[in-house]
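An overview of the molecular structure
The primary structure of each chain is shown beneath.
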Amino acid sequence: MIAEPASAAWPAGLRTGPWLLGAPSAAELKPTQVVVAGRPTLHRPVQRLLADPDVATYVLADTRGLPWTDVAGTACAVGALPPLAPDPAWTKRWAEADDAAALALDRALDDPGAPGGLRLARTLLAALPRGAQLVLGSSNPVRDVALAAVPRPGLTILSNRGVAGIDGTVSTAVGAALAHDGPAFALLGDLTLLHDTTGLVIGPDEPRPDLTIVVLNDGGGGIFGLLEQGAPEHAPAFERVFGTPHGVDLAALCAATGTGHVLVDDVGGLPDALAPAAGLRVVEVRTDRRELREGHARLRAVIDEAVAAAL
Ligand SMILES: Cc1ncc(C[n+]2csc(CCOP(=O)(O)OP(=O)(O)O)c2C)c(N)n1
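Cut-off values and rules
Residues numbered from 1 in each chain as written. Predicted model: local features only at pLDDT ≥ 70, side-chain atom pairs only at ≥ 80, totals over all residues. Heavy atoms only, no water. Axes fitted to C-alpha atoms, helices over the stretch in contact; angles between N-to-C directions. Helix = DSSP H or I, 4+ residues; strand = E, 2+ residues; numbered from the N terminus. Left-handed = near helix turned anticlockwise from the far one by under 90°. Contact = heavy atoms within 4.5 Å. Buried < 20%, exposed > 50% of the residue type's maximum accessible area, 1.4 Å probe, protein only. Pairing = 2+ DSSP bridges. Right-handed = clockwise from strand over helix to strand, strands pointing away. Phe/Tyr/Trp six-rings, centres within 6.5 Å; stacked < 30°, edge-to-face > 60°. Near = heavy atom within 4 Å. Polar contact = N/O pair within 3.5 Å; in protein donor to acceptor, adjacent residues only side chain to side chain. Salt bridge = Lys/Arg side-chain N within 4 Å of Asp/Glu carboxyl O. Domains from an automatic or database assignment. Buried area = accessible area lost by both parts, 1.4 Å probe. Core = buried A, V, L, I, M, F, W, Y, C linked by side-chain atoms within 4.5 Å.

Here the focus is the packing of helix H3 (residues 88-109) against helix H11 (residues 292-310). Across the interface, H3 lies against H11 with an axial gap of 8 Å and an inter-helix angle of 140°. Relative to H11, H3 is oriented so that their crossing is right-handed. Each of Ala-97, Ala-100, Ala-101, Ala-104, Leu-105, Ala-108 and Leu-109 in H3 lies in contact with H11, whose residues at this interface are Leu-299, Val-302, Ile-303, Ala-306, Val-307 and Ala-310.

Residues Leu-155, Ile-157 and Ser-159 point to one face of strand E5 (residues 155-159) and are all buried, whereas Thr-156 and Leu-158, pointing to the other face, are not buried. Pairing analysis gives five bridges linking strand E4 (residues 132-136) to E5, with the strands arranged parallel. Looking at the pairing, Leu-136 lines up with Ser-159 of E5. In this region the chain leaves E4, passes through helix H5 (residues 140-148) and returns to the parallel neighbour E5; the handedness of that crossover is right-handed.

All told, the structure shown has three aromatic pairs when counted by the stated rule. Taken together, a centroid distance of 6.1 Å and an interplanar angle of 75° make the contact between Trp-90 and Trp-94 edge-to-face. Taken together, the residues span about one helical turn, with Trp-90 and Trp-94 both in helix H3 at a distance of four residues. What links up through ring pairs into an aromatic cluster is the set Phe-224, Phe-238 and Phe-242.

Around the ligand, the surrounding shell holds 18 residues, and the nearest of these are Ser-139, Leu-191, Thr-192, Gly-220 and Gly-222. Take Ile-166: an N or O atom from its main chain is 3.0 Å from a nitrogen atom of the ligand. A distance of 3.2 Å separates an oxygen atom of the ligand from a polar side-chain atom of Asp-190. Secondary structure elements with two or more residues in the shell around the ligand: H5 and helix H7 (190-195). Among the elements that line the shell around the ligand, the one with the most residues is H7, at four residues.

What follows concerns the pattern of salt bridges. All chains considered together, the criterion is met by 10 salt bridges. Here Asp-52 makes a salt bridge to Lys-30, at a shortest N to O gap of 2.6 Å. Of the two residues, Asp-52 is situated in the loop between helix H2 (44-51) and strand E2 (56-59) and Lys-30 in the loop between helix H1 (17-21) and strand E1 (33-36); the sequence distance between them amounts to 22 residues. Judged by its relative accessible area of 15%, Asp-52 is buried. We classify Lys-30 as partly exposed; its relative accessible area is 38%.

Mapped onto the elements of the fold, Ile-157 is located in strand E5. For Ile-157, a relative accessible area of 10% gives the class buried. Residues in contact with Ile-157, not counting those within four places in the same chain, are Pro-5, Ala-6, Trp-10, Leu-125, Leu-134 and Leu-136.

Another aspect to go through is the domain arrangement of the protein. For the protein, the assigned domains are domain 1 (10-105 + 300-310) and domain 2 (116-290). The straight-line distance from the C-alpha centre of domain 1 to that of domain 2 is 28 Å. Contacts between the two partners involve 13 residues from domain 1 and, on the opposite side, 19 residues from domain 2. Here domain 1 packs against domain 2, burying approximately 1400 Å² in sum over the two surfaces, 59% of which is carbon and sulfur. The largest contributions to the domain 1 side of the interface with domain 2 come from Trp-10, Arg-15 and Leu-42, which together make up 50% of the buried area. At the junction of domain 1 with domain 2, the criterion picks out one salt bridge.

This part takes up the nonpolar core. Grouped together as the largest cluster of nonpolar side chains are 28 residues, with contacts concentrated most on Leu-124, Leu-125 and Val-214. Broken down by secondary-structure element, the contributors of at least two residues to this core are helix H4 (116-127), E4, H5, E5, strand E6 (184-189), strand E7 (211-217), helix H10 (270-273) and strand E9 (280-286). In terms of residue count, the dominant contributor to this core is H4 (four residues).

Written out as structure tokens, the structure is:
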């Protein structure tokens, strides 16, 4: 099972599912039939699988009456399940590949030069206390958790998907924190924070949430470096059109809105910064997005190699 972090099924899913679906060395594990529950949105290898004409896709009807998902228009049945009896040898190979990929991923992420968002996501998800709620911003944060964190129970993970907007996410986190009976956290990109800066403005007679917003500040839109527009041939226009650096001083922004602010120099310092605290605060972790594309490519290569050796 490959599950997205905001799905209740996440703790039971594979650790490295999206990596494996994209790994050439795991091509022989490709399924012939797929069951879709809910609305997968995060990973291109998953979308490619669902659009593959050689794969029989079965979509579970949504019991709450919401529209079911068949973006590629390839579902062969809705609401009806195929016989679910995968070959045990095949599922065992998936488990072996997942173990090998997870080991390679963890080793690679131990290197301080590995992508900062992935390192942060792994550390954050391991450090959150049981009963915590976590709101994940669109763009890389939700994907970083899906790609790097060890799936675990004991958390309520929320994410605004819809059309994957970065708007309104501070307000989502504030509202969700006020409604949650337990510690509340959010993980957002810097542009996502800036897009909803006014979410930090809370009137004197309004309830104030106990909420820690972890912001991965890479000075702009990191995700675009991983997409087509991040290819070297588009470099001359990239920063102005997609990178959109802003130079905002987040500490000053927090001071202006009465929001606590802590700067964490290194991902290793994150768990201490998450110690319980009352009120609204931002924990800023800075990283560099210039090497993100190469960093992800390196991880894909390392995982591919490890899976090739294991299968
Ligand atoms: C309302 C809205 N405007 C624009 C976009 C397009 N968009 C997608 S990701 C992104 C960059 C987000 O940057 P940041 O929050 O810093 O996260 P990062 O990409 O660095 O992980 C933008 C502008 C969007 N998703 N929603």
